[in-house]
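# Inside the fold
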Amino acid sequence: MKKSFLFIAITLLTGILSVIAADKLLQKGFHSTNEDVIGKLNELMADTSYYQVLCLGSSRCLSHIDPFLIQQITGLSTYNGGLNGGTLIDYNIVLDAYLQKRKPPEVLILHIDFMTLEKQNISELPRYFPFISNPGVYNGLVDYEPSVYYVNHFPPLRVMYYYDLLKWIGIKSLAGIGARNEWQMDRGFVRKKVNPNGNWNSYQEAGLSEYLRAINRPLESSQKVEKCIQLFSQFLKTCEKFNIQLVLTSSPVIGGDKSPLYDETVRLMAEEAEPYKPLKFWMHRKDMDRRQYYFDHTHMNYQGAEYYTRELANFIEAEYVQAKRR
Amino acid sequence: MLFNSVQFLIFFPAVLLLFYLLPVRYRWVLLLVASFYFYMAWKAEYVLLIIASILINYWCANEIHSSESSSRRKFIFRLSLFFNLGMLFVFKYFNFFNDNLNELFSLTGIGWNSPAADLILPMGISFYTFQVMSYVIDVYKYNLKPEKHLGIFSLFVTFFPQLVAGPIERAGNLISQLRDLRNKIDNEAVISGFQLIVIGFFKKLVIADRVSVYVDRIFLYPEGYSGLHIAIAVFFFSVQIYCDFSGYSDIATGSARLLGVRLMDNFKSPYFSTSISEFWSRWHISLSTWFRDYVYIPLGGNRVVKWKWYYNLIITFLVSGFWHGANWTFLAWGFIHGSYLVLGLLFSGFNNKIGNALFGKMPLAGKLINMTITFILVYFAWIFFRAENIGEAFFMIDKIMHLNEDLHLFEIAIADFGVFSMMVSWFAILLLVLYEFLLAKEIINKSYYSRLITTTILTVVTLTLGEMGSKSFIYFQF
């Protein structure tokens, strides 16, 4: 039996050592990348630059709000903290991480959309694993996924949870290769290409009716909504504690102007936020030409983002900057 | 519980440790409790179905055995079949028949529409039902004496390594081993069991789960992609289904072996087959032998006139297709394989002549050509297996036939899937082909050190390139 135990021991030990080595290398790569996904969290966790305006939200926030344009119009330095697949769980974690090393922003733009009250899971959990030693990240995640607990106790285990894109980002960063243009962040903002030949292709057009059906329905599960509302209330408490001016906004998505899902989400969030005073709403819901302004069903291209950001910035300028001056 | 979850990585070593610490006479109790826990980790309430299946089939088998009247034996046997097939019908096939009936009514203008049943397909139902059916059939045919010990019989039905996706064991092989769980474990059993677990995880985590991302995307909306995308997606699906299912079987067989139980081999490098009939002797062996013994042979097998023989083959494969799922696509897949076999028999003389004339002096080249042709035939049948419906399968075949059109879309999909994923997928597939080739040539298992080196390499690759996303196994849905 000695031979067989030795066999297993050697195999497993080599495996564990290789995982530890891979983890060390990937960590090195992750902490020096500026590529979306990890780069955003890198900046939020490690960078200490102060911004007057912080934007939070999902991929729509990420690609619809241009921080440079807001700064140009309002004079307020701005950072886009939107995350692909971000949910209220993510927004709480990101806000907490941001506040750990910086003074609070003056204005916090929370971008809400048709998913805000329906997603109470973490879409891309492994992106947080490089930062699992941060207590804010760990505490914000541990209740949702058991793997967070395991990874915290044996960090190299995270190598097995990284999906290919993350591993590739780590490897590229180690090799000194930068991000592809479309994933290159600029103050957290990712520009979706305006492509005259159409990123808006036949694939997008064919899936449109299915997508429209999806957003033209009422909110689904009351349990999910309840959980999301709790998370939103936690978010509001943090804003209240630091006296942050909160702006709830949403950007146009195709068919969003007629979506009951959207209406219900906005109504419930407004109801919850009502007692919180430094609050402003600016909802832009009108339908826009999809071939000109959209990248896909739910994301605008840069042309659309520019149009929307300009209106949002004008609103902040009028309602916050000028009001403050008065 | 999934094999590819952290829970299993804690559960299994704990069971293994307790198993060897316990006296032999209590080991079956531990395995039974562990098996129920394993199943209940998915949906606790569905364990009631397994308990019902255990109790009814236990009673039926014993009644059949003790009954002297042949009519009573027949009655109880039919009762058992009615229960087992009825359970499958309700949970797996009711909605299929219901939908098709509604469709038929609407076509004929009859204004009647029966509602669909809102039922979840219990995990592994087709596997444990078939296992228990073979047991009752064997008892009925006097091939087997029924198990008197309810605990051991329950363990035969629920033995956790093979409960949810096989191999579908025969009572003759498994029950005798479960009755006597003495420490039969030796160096060879530990090493080969561990090797199997490692290769199983490699197939599942490094290959199957990785290529599934590409496959799912293309099959979800084939209209948006070029023929080349679809051709690659079908190739990846052929790899995925093999790695996913044989990976599961490897982990199951390896785990059982560490517990001193030898399960049957379920796969023997099927893509190295040189004919469709050889493919079926290497692919999902426990199911194909089940259909051979309980469907094909009772129909008359090949000991009948030729047309009946061909008919038997087609029927067996249609039933096998239908076993996989309640969809016309699975029936089509079964029909295609049945037809391949019939055509193979019809043209066997001609094939042999051509083969001898072309490759008589180059047997290796002939073997490679046959292997390639067999793979291509299996490849096309997989399109029907994976497609949403028959129309979509034909659409995809048409696109594959026009490979050079819409190539501009190719760049988009590769960029979406990711260069890294593509590179790792091909690297891992080549590594697997090499491993299986060396295994078939008996090079890997030649010495302790060659086994140690290959297993260590596979462990390192699995731990560093595998994805612990806990994606379910494809065959769980059957």
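Residues numbered from 1 in each chain as written. Chains lettered and ligands numbered in written order. Predicted model: local features only at pLDDT ≥ 70, side-chain atom pairs only at ≥ 80, totals over all residues. Heavy atoms only, no water.

### Brief notes about the overall build of chain B
Across its full length, chain B carries 19 helices and 0 strands. Its C-alpha atoms give chain B a radius of gyration of 24 Å, within 12% of the compact-globule value 23 Å for 478 residues. Counting only C-alpha atoms and orienting by the principal axes, one finds that chain B spans roughly 65 × 65 × 50 Å. Buried positions account for 56% of the 478 residues belonging to chain B. Counted over contacts in chain B with a minimum sequence separation of 6, partners at least 24 positions apart contribute 76%. For chain B, the centre of its 36 positive side-chain charges and the centre of its 30 negative side-chain charges are spaced 12 Å apart. (Helix = DSSP H or I, 4+ residues; strand = E, 2+ residues; numbered from the N terminus. Rg over C-alpha atoms; globule rule 2.2 N^0.38 Å. Buried < 20%, exposed > 50% of the residue type's maximum accessible area, 1.4 Å probe, protein only. Contact = heavy atoms within 4.5 Å. Lys, Arg positive; Asp, Glu negative; His and termini not counted. Charge placed at Lys NZ, Arg CZ, Asp CG, Glu CD.)

### A short note on the overall build of chain A
For chain A, the helix and strand inventory stands at 13 helices and 7 strands. The globule rule puts the C-alpha radius of gyration for 326 residues at 20 Å, and the 21 Å found for chain A is close to it. Each principal axis of the C-alpha distribution contributes one length, and for chain A these read about 80 × 50 × 40 Å. Taken over 326 residues, chain A has a buried fraction of 55%. Considering only contacts in chain A between residues 6 or more positions apart, those separated by 24 or more positions represent 82%. Of the accessible surface of chain A, which amounts to about 14000 Å², a share of 53% is contributed by carbon and sulfur atoms. Each charge class in chain A was averaged separately, 37 positive and 35 negative side chains, and the resulting centres sit 5 Å apart. (Areas by Shrake-Rupley, 256 points an atom, 1.4 Å probe, with all protein chains shown as cover.)

### Observations concerning the interface of chain B and chain A
Taken residue by residue, the interface counts 33 residues in chain B and 31 residues in chain A. A per-residue breakdown of the area chain B buries against chain A is headed by B:Phe420, B:Tyr448 and B:Leu463, which together make up 21% of the total. Counting every contact that joins chain B to chain A gives 1 salt bridge. Notably, a salt bridge pairs B:Arg210 with A:Asp164, separated by 2.6 Å at the nearest N-O pair. Counting across the interface, chain B meets chain A through 7 residue pairs in polar contact (both at pLDDT 80 or more). Of all elements in the fold, only α1 (6-21), α8 (187-220), α17 (408-417), α18 (419-440) and α19 (448-465) of chain B reach the threshold of two or more residues within the side of chain B that touches chain A. (Buried area = accessible area lost by both parts, 1.4 Å probe. Salt bridge = Lys/Arg side-chain N within 4 Å of Asp/Glu carboxyl O. Polar contact = N/O pair within 3.5 Å; in protein donor to acceptor, adjacent residues only side chain to side chain.)

### Points about the confidence of the model for chain A
On average, residues of chain A score 84 in pLDDT, and 91% of them are at 70 or above. Of all the helices and strands in chain A, strand β5 (residues 279-283) of chain A carries the lowest mean pLDDT, 70, while strand β1 (residues 53-56) of chain A carries the highest, 94. (pLDDT = per-residue confidence, 0-100.)

### So, unusual backbone geometry
Residue and element names in this part refer to chain B. Phi angles above zero are rare outside glycine, and Ser269 is one such case at about 40°. Along the chain, Ser269 turns up in the loop between α9 (227-258) and α10 (276-282). Of note, Glu442 is a non-glycine position whose phi angle comes to about 55°, a positive value. With respect to the helices and strands, Glu442 occurs in the loop between α18 and α19.

### So, the nonpolar core
Among the nonpolar cores identified, the biggest contains 253 residues, and A:Ile109, A:Leu110, A:Phe235, B:Tyr135, B:Phe159, B:Phe160 and B:Phe202 are the most heavily contacted of them. If one sorts the elements of this core by residue count, α8(B) sits on top with 18 residues. Other than its neighbours up to four places away in sequence, B:Phe202 contacts B:Ile207, B:Ala428, B:Leu431, B:Leu432, B:Leu458, B:Val461 and B:Thr462. (Core = buried A, V, L, I, M, F, W, Y, C linked by side-chain atoms within 4.5 Å.)

### Thoughts on the environment of A:Lys192
Assignment of secondary structure puts A:Lys192 in the loop between α8 (164-174) and α9 (202-215). Sequence separation between A:Lys192 and A:Ser147 is 45 residues; the distance between their C-alpha atoms is 33 Å.

### What to know about the pairing of strand β4 (residues 245-250) of chain A
Residue and element names in this part refer to chain A. Of all 6 residues making up β4, 6 are buried, and the element is well covered by its neighbours. In β4, alternate side chains face the same way, and those of Gln245, Val247 and Thr249 on one face and Leu246, Leu248 and Ser250 on the other are all buried. Summarising the sheet, strand β3 (residues 107-111) and β4 pair through 5 bridges and their orientation is parallel. Its bridge partner lying in β4, Ile109 is registered against Val247. (Pairing = 2+ DSSP bridges.)

### Quick notes on the packing of helix α5 (residues 125-140) of chain B against helix α6 (residues 150-158) of chain B
When two helices pack together, you describe them by how their axes are tilted relative to each other and by the distance separating the axes. Residues and elements named next belong to chain B. At their nearest, the axes of α5 and α6 sit 9 Å apart, and the two run at 135° to each other. The orientation of α5 with respect to α6, classified from their angle, is oblique. In this structure, α5 contributes Tyr128, Gln131, Val132 and Tyr135 to the contact, and α6 contributes Phe153, Phe156 and Val157. Here the contact of α5 with α6 is built from residues that sort into 6 nonpolar, 1 polar and no charged. (Axes fitted to C-alpha atoms, helices over the stretch in contact; angles between N-to-C directions. Parallel < 35°, antiparallel > 145°, perpendicular 65-115°, else oblique. Nonpolar A, V, L, I, M, F, W, Y, C, P; charged D, E, K, R; others polar.)

### As for the pattern of salt bridges
All names here are of chain A. All chains considered together, the criterion is met by 20 salt bridges over all chains. Between Asp90 and Arg127 there is a salt bridge whose closest N-O contact spans 3.3 Å. Linking Asp90 in helix α5 (residues 88-101) with Arg127 in the loop between β3 and α6 (135-141), this pair joins segments that are 37 residues apart in sequence. With relative accessibility at 1%, the residue Arg127 sits in the buried group.

### Things to note about a nonpolar patch on the surface
All names here are of chain B. Together, Leu343, Leu346, Phe347, Phe350, Ile354 and Leu358 make up an exposed nonpolar region whose accessible area comes to about 600 Å². When residues of the nonpolar patch are traced back to their parent elements, those giving at least two are α13 (328-346) and α14 (348-359). With respect to the helices and strands, the residue Leu346 is situated in helix α13. (Patch = residues over 30% accessible without salt bridge, like charges linked within 9 Å, V, L, I, M, F, W, Y side chains within 5 Å.)

### Observations concerning the packing of aromatic side chains
Under the definition given, this model contains 75 aromatic pairs over all chains. The ring of B:Tyr448 carries the charged tip of A:Lys3 above its face, separated from the ring centre by 5.0 Å. Geometry around A:Tyr50 places A:Lys103 over its ring, the cationic atom sitting 4.8 Å from the centre. (Phe/Tyr/Trp six-rings, centres within 6.5 Å; stacked < 30°, edge-to-face > 60°. Lys NZ or Arg CZ within 6 Å of the ring centre and 35° of its normal.)

### Observations regarding the pairing of β3(A)
Residues and elements named next belong to chain A. In terms of burial, β3 is a largely internal element, 5 of the 5 residues being buried. Alternating positions in β3 separate into two faces, Val107, Ile109 and His111 on one and Leu108 and Leu110 on the other, with burial throughout. In the sheet, β1 pairs with β3 via 4 bridges, with the strands oriented parallel. Within β3, the residue paired with Cys55 across the bridge is Ile109.

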